[in-house]
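What follows is each chain in one-letter form.
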Amino acid sequence: MNTPEITVKRREGTGKGIARRLRRAGVVPAILYGGAAPETIAVNPRDVLRIIHGREGTTQLLSLKVEGDGGARMAIIRDMQFDPVTERLLHVDIQEVRADRAITVRVAVHPVGEAIGVKDTNGILNLVMHEVEVSTLPINIPERIDADVSNLAIGDVLTVRDLRAPEGVRIINDPAQAVATVSPPMAEEVAPTPEATAAVTPAEPEVLTERKPKEEGAPAEAEGKKAPAAPKKAEAPKKAEKEK
């Protein structure tokens, strides 16, 4: 398998201040595990991004050189930290490995073939598990684990036990874990017809204005009519003129 090379430098001191100075200088802080004690190192972020670019899995075997030391070491990148806003590489964890000692790493799952449920009945393939953990010697780390989904009909589930790992590689995930499924196609929305829309559209309710009863003794002007004139009092009959 292709083993990329990377060169790192030893550094002294730890802390946020030193980490910021390293990043301003164009390198990022890193820690090398696997020896007698962890070593603080610095690495060029471009070298790390070049190694992981285009690789499906999260584990890549590499040849590690430390400036000032002779020879190279076998190592893998264990973890990386990125800035959540700028996505710049902030920190790297590297682990030294031995050729004769098995290690546990994560490897990408790659679907192979076209599922029957997708081809014949327009189902949807769902990749539930994107990576699996495997135990293997460093030189046998596969780039990916193929998952043959060809025989999956709608409702079928491909599990870990259905995967076929390369020789010398053992998958350590629970065999019953789901890797891929095929779900039914999504129902298409049908636009409602004008008749159906009219049938379900409620008619606007008629607004009734309650007429208030006339208040007793209320002036007639409230109804927009003039009040009838009050009847005149009958004049008392004039006394007959006294006869002269």
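### Some points on the overall build of the protein
Along its length, the protein carries 4 helices and 13 strands. Every one of the 244 residues in the protein was classed for burial, and the buried ones make up 27%. For the protein, restricting intrachain contacts to residue pairs at least 6 apart in sequence, the fraction spanning at least 24 positions comes to 65%. Accessible surface, the protein as shown: approximately 17,700 Å² in total, 51% of it carbon and sulfur.

### Quick look at the nonpolar core
Ranked by size, the top nonpolar core spans 24 residues in total, and within it Val 132, Leu 158, Leu 163 and Val 179 carry the most contacts. Of all the secondary-structure elements, those providing two or more residues to this core are β7 (103-112), β9 (131-136), β10 (144-148) and β13 (178-183). Among the elements that line this core, the one with the most residues is β7, at 4 residues. The residues touching Val 132, leaving out its near neighbours within four places in the chain, are Val 105, Arg 106, Val 107, Val 109, Ile 145, Leu 163, Ile 171 and Asn 173. Judged by nonpolar contacts, the second largest core, of 17 residues, contains Val 28, Leu 32, Leu 62 and Val 92.

### Details of the sheet that holds strand β3 (residues 39-43)
Remark on secondary structure: sheet strands pair via backbone hydrogen bonds, oriented parallel or antiparallel. As summarised here, the arrangement of the 6 strands in space is β1-β3-β2-β6-β5-β4, forming a closed barrel in which the pairing is mixed. Strand-to-strand twist of the sheet, defined as the mean angle between neighbouring strand axes without regard to direction, takes the value 45°. Examined bridge by bridge, strand β5 (residues 73-82) and strand β6 (residues 89-96) share 7 bridges and lie antiparallel to one another. Note on β6: the bridge partner recorded for Met 80 is Val 92. The strands touched by helix α1 (residues 16-24) are β2 (28-33), β3 and β6; relative to β2, the strand with the most contacts, the crossing angle is about 115°.

### Observations concerning the sheet that holds strand β11 (residues 157-159)
One open sheet accounts for 3 strands, arranged β8-β13-β11; its pairing is antiparallel. At either end of the open sheet lies a strand with only one pairing partner, and these are β8 (124-127) and β11. Sheet twist, expressed as the average angle between the axes of neighbouring strands with direction ignored, equals 15°. As paired elements, β11 and β13 share 3 bridges and run antiparallel to each other. Note that in β13 the partner of Thr 159 across the bridge is Ala 178.

### Observations regarding the side chain of Arg 73
Take Arg 73: it is sitting in strand β5. A distance of 3.4 Å separates polar atoms of two side chains, one belonging to Arg 73 and the other to Asp 69. Every residue in contact with Arg 73, bar those within four places of it in the chain, is listed here: Arg 10, Leu 32, Glu 39, Leu 62, Ser 63, Leu 64, Val 66 and Glu 96.

### Side note on the confidence of the model for the protein
Per-residue pLDDT for the protein averages 80, and the proportion of residues at 70 or more is 73%. For the protein, helix α4 (residues 194-200) is the element with the lowest average pLDDT, namely 58, and β11 is the one with the highest, namely 97. Predicted confidence for residues 215-225 stays below pLDDT 50, and this span has 5 contacts to residues more than four positions away or in other chains. Segment residues 236-244 is flagged for pLDDT under 50; beyond a separation of four residues in sequence, or across chains, it makes 0 contacts in the model.

The rules behind the values
Residues numbered from 1 in each chain as written. Predicted model: local features only at pLDDT ≥ 70, side-chain atom pairs only at ≥ 80, totals over all residues. Heavy atoms only, no water. Helix = DSSP H or I, 4+ residues; strand = E, 2+ residues; numbered from the N terminus. Buried < 20%, exposed > 50% of the residue type's maximum accessible area, 1.4 Å probe, protein only. Contact = heavy atoms within 4.5 Å. Areas by Shrake-Rupley, 256 points an atom, 1.4 Å probe, with all protein chains shown as cover. Core = buried A, V, L, I, M, F, W, Y, C linked by side-chain atoms within 4.5 Å. Pairing = 2+ DSSP bridges. Axes fitted to C-alpha atoms, helices over the stretch in contact; angles between N-to-C directions. Polar contact = N/O pair within 3.5 Å; in protein donor to acceptor, adjacent residues only side chain to side chain. pLDDT = per-residue confidence, 0-100.

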